[in-house]
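Commentary on secondary and tertiary structure
Residue-level listing of the chains:
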2 protein chains.
Amino acid sequence: MTNDLIARVRRFNRTVTSEVGALDMSFLGRGRPLGAARVLNAIGHGRGDVAEIRAYLGLDSGLMSRLLRGLEQEGLVETLPAADDARRRVARLTEAGEREYRAYETLSDAQAAAMLARHPHPEALIAAMDVVAVALGHARIVLEEVHPRDAVARYCLGEYYAELGRRFPGGFDVSLSRDPDAEEMVRPRGVFLLALLDGLPLGCVGLKGGTGEVKRLWVAPAARGFGLSKRLMRAIEDAARGLAIPCLRLDTNSALPEAVQLYRRTGWTEIPRFNDDPYPDTFFEKRL
Amino acid sequence: MTNDLIARVRRFNRTVTSEVGALDMSFLGRGRPLGAARVLNAIGHGRGDVAEIRAYLGLDSGLMSRLLRGLEQEGLVETLPAADDARRRVARLTEAGEREYRAYETLSDAQAAAMLARHPHPEALIAAMDVVAVALGHARIVLEEVHPRDAVARYCLGEYYAELGRRFPGGFDVSLSRDPDAEEMVRPRGVFLLALLDGLPLGCVGLKGGTGEVKRLWVAPAARGFGLSKRLMRAIEDAARGLAIPCLRLDTNSALPEAVQLYRRTGWTEIPRFNDDPYPDTFFEKRL
DNA sequence: CATAATCTCTGACTTAGATCAGATATCTCT
DNA sequence: AGAGATATCTGATCTAAGTCAGAGATTATG
């Protein structure tokens, strides 16, 4: 059939690849070949270590070396031996390089903005992009420990609260719930984890030291169904073992049946209410 | 806020471009350089005319010529002068070329299928892909005249009926409506138009000769808001002028307010009911 | 019918990107 | 201190891709 799903995916691929020049910042016409532009961009993004850039961009050491020499000759980059290991070199942008990098960023931003401006439903487009990005790249999702007051962490928490607001019959107001108490989710007392795909936040979970409570488990709608919440929970349990916490607890709500089911299936046992928070109605614990 | 959205788009671009090798059939490792694979694929897709392939792939004439010679030497392609103009040449696949083309197709299909199989919500993924493809490529949407019984036309009509079924309070049953009468929407009596993006059907509209009725105006959800319905209507009016139809009519329903609004804004005037079809409740005409 | 335009082809050339072998300097481990 | 591993660099070489000028055949046009 002409219109079956596989054909649809293939047509998408064709459209996207034919627009790749427009997608990828590296072609944004500043008279520099792709390879050099990518290296400049990688350095600008904070990847100083030459070996790291090489691994990230998948370049041969010879080619990498030549690209760096080229950027050096243009006066955009300078390289120094690494402080701790003089075999390795770290590259950094000169002032001119910084300007050039900013120019690429500005162009890319402008282009993304133009695409959004042209679109009748920007939020729907973004949501669709997230779905596609996750489908393409879910194998590259990484977990990362951050401070719960970090900007990305706060974005995740905001999404989490918004979701609770939509799903609890009476809505959700953070201030009525037990105080987030960010400092309790920071080493050495606790942990806060993010799930990221190329920097796109797709999930989070926190572990509050002291009480040994798991809090704020959230997975972005676009990333659901890939086992990410299970992965986050496994990571938080590992972290708890590392912190020598013998037993974890958590509260949840029967309005979130996927969550309740996840806990039941992964070794948690239901226990009586252990706090007076107005929102949860279901309570679990797990011995480690 | 807007900044956040821009950053999201840019992250999407990064993810997609880093997966481009996996998206694009041309890298599906059959030991042939990209250029040659693209030409082979274009011919397999039915683009015989050398100049047409050249324009489609954006190739220099010299490069194109050499790629064709290469494929000829591999025994995959043969070229003949065009029947009507011996300056031009048409390329076609040999049997070996046909096999090679099929091999690419099979690989690409398998890859697309694998991506779908890995996904927890394939239909949601497809819908998201359509949204992204339209956002990237809406400038490349083309209108094409087809027979209303063509497979793609029928897909569009099916979607159209399904949408009516969702939006009419009592649902929609084609058989109760006036018979589609496909033959009335074929030259020289009438016309049927599709809107396509890289072959992805995004809309349709029909003109029934004789009565001069415009029928079956539909635009895919992913393509709404880009002025496509206006474009389809303009094309159908142009076609009507070409067929020397002096006055067009159409029926619609107040449950489809965007449609009613479109007609009002583009020179149509409401008229009394002119048929006994059970579904429409609003009627328009337009003198050309 | 002569001239201009069109299409393809060929040869010469350039650039970007990739690969490989080995040189050099430095680090790790015993 | 010495052997082996590691990181980078250089030179040589290759392929893919793109560019340009012009030749040759054919068609369109005045």
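**Quick notes on unusual backbone geometry**
Between Arg187 of chain A and Pro188 of chain A the backbone carries a cis peptide bond, its omega angle lying at 0°. The residue Pro188 of chain A is located in the loop between α8 (151–167) and β4 (191–197) in this model. Residues other than glycine seldom take positive phi values, yet Arg216 of chain A does so here, at roughly 60°. Within the secondary structure layout, Arg216 of chain A lies in strand β6 (residues 213–219). Of note, the phi angle at Ala244 of chain B is positive, near 60°, even though the residue is not glycine. Looking at where Ala244 of chain B falls in the secondary structure, it is placed in the loop between α9 (228–242) and β7 (247–252).

**Structural notes on the relation of the copies chain A and chain B**
Taken as rigid bodies, chain A and chain B are interconverted by a rotation of 180° and an axial shift of 0.1 Å, the fit giving an RMSD of 0.5 Å. Considering both components of the superposition, the chain copies are consistent with a two-fold axis. Taking C-alpha positions as the reference, the residue of chain A nearest the rotation axis is Ala128 of chain A, at 2.2 Å. In this assembly the copies share their binding face: 96% of the residues contributing to the interface of chain A also contribute to that of chain B.

**Observations regarding a positive patch on the surface**
On the surface, Lys230, Arg231, Arg234 and Arg265 of chain A cluster together to form a positively charged patch. For Arg234 of chain A, the position within the fold is in helix α9 (residues 228–242).

**Considering the environment of Leu243 of chain A**
All names here are of chain A. In this structure, Leu243 sits in the loop between α9 and β7 (247–252). For the pair Leu243 and Gly44, spaced 199 residues apart in the sequence, the C-alpha separation amounts to 36 Å. Aside from chain neighbours lying at most four places away, what touches Leu243 is Arg187, Pro188, Arg189, Gly190, Val191 and Leu207.

**Observations regarding the protein's contact with DNA strand D**
Near DNA strand D you find 21 residues, and of these Arg66, Arg69, Arg87 and Arg89 of chain A together with Arg87 of chain B are the closest. Residue Ser65 of chain A places a side-chain N or O atom 3.2 Å away from a sugar or linking oxygen belonging to DNA strand D. Measuring from a phosphate oxygen of DNA strand D, one finds a backbone N or O atom of Gly35 of chain B at 3.1 Å. Among the secondary structure elements, those contributing two or more residues to the surface near DNA strand D are α4 (50–57) and α5 (61–73) of chain A together with α3 (34–44) and α5 (61–73) of chain B. The residue inventory of the surface near DNA strand D, partitioned by class, reads seven nonpolar, four polar and 10 charged.

The rules we used
- Residues numbered from 1 in each chain as written.
- Chains lettered and ligands numbered in written order.
- Predicted model: local features only at pLDDT ≥ 70, side-chain atom pairs only at ≥ 80, totals over all residues.
- Heavy atoms only, no water.
- Helix = DSSP H or I, 4+ residues; strand = E, 2+ residues; numbered from the N terminus.
- Least-squares fit on C-alpha atoms with pLDDT ≥ 70 in both.
- Contact = heavy atoms within 4.5 Å.
- Patch = residues over 30% accessible without salt bridge, like charges linked within 9 Å, V, L, I, M, F, W, Y side chains within 5 Å.
- Areas by Shrake-Rupley, 256 points an atom, 1.4 Å probe, with all protein chains shown as cover.
- Salt bridge = Lys/Arg side-chain N within 4 Å of Asp/Glu carboxyl O.
- Lys, Arg positive; Asp, Glu negative; His and termini not counted.
- Charge placed at Lys NZ, Arg CZ, Asp CG, Glu CD.
- Near = heavy atom within 4 Å.
- Polar contact = N/O pair within 3.5 Å; in protein donor to acceptor, adjacent residues only side chain to side chain.
- Nonpolar A, V, L, I, M, F, W, Y, C, P; charged D, E, K, R; others polar.

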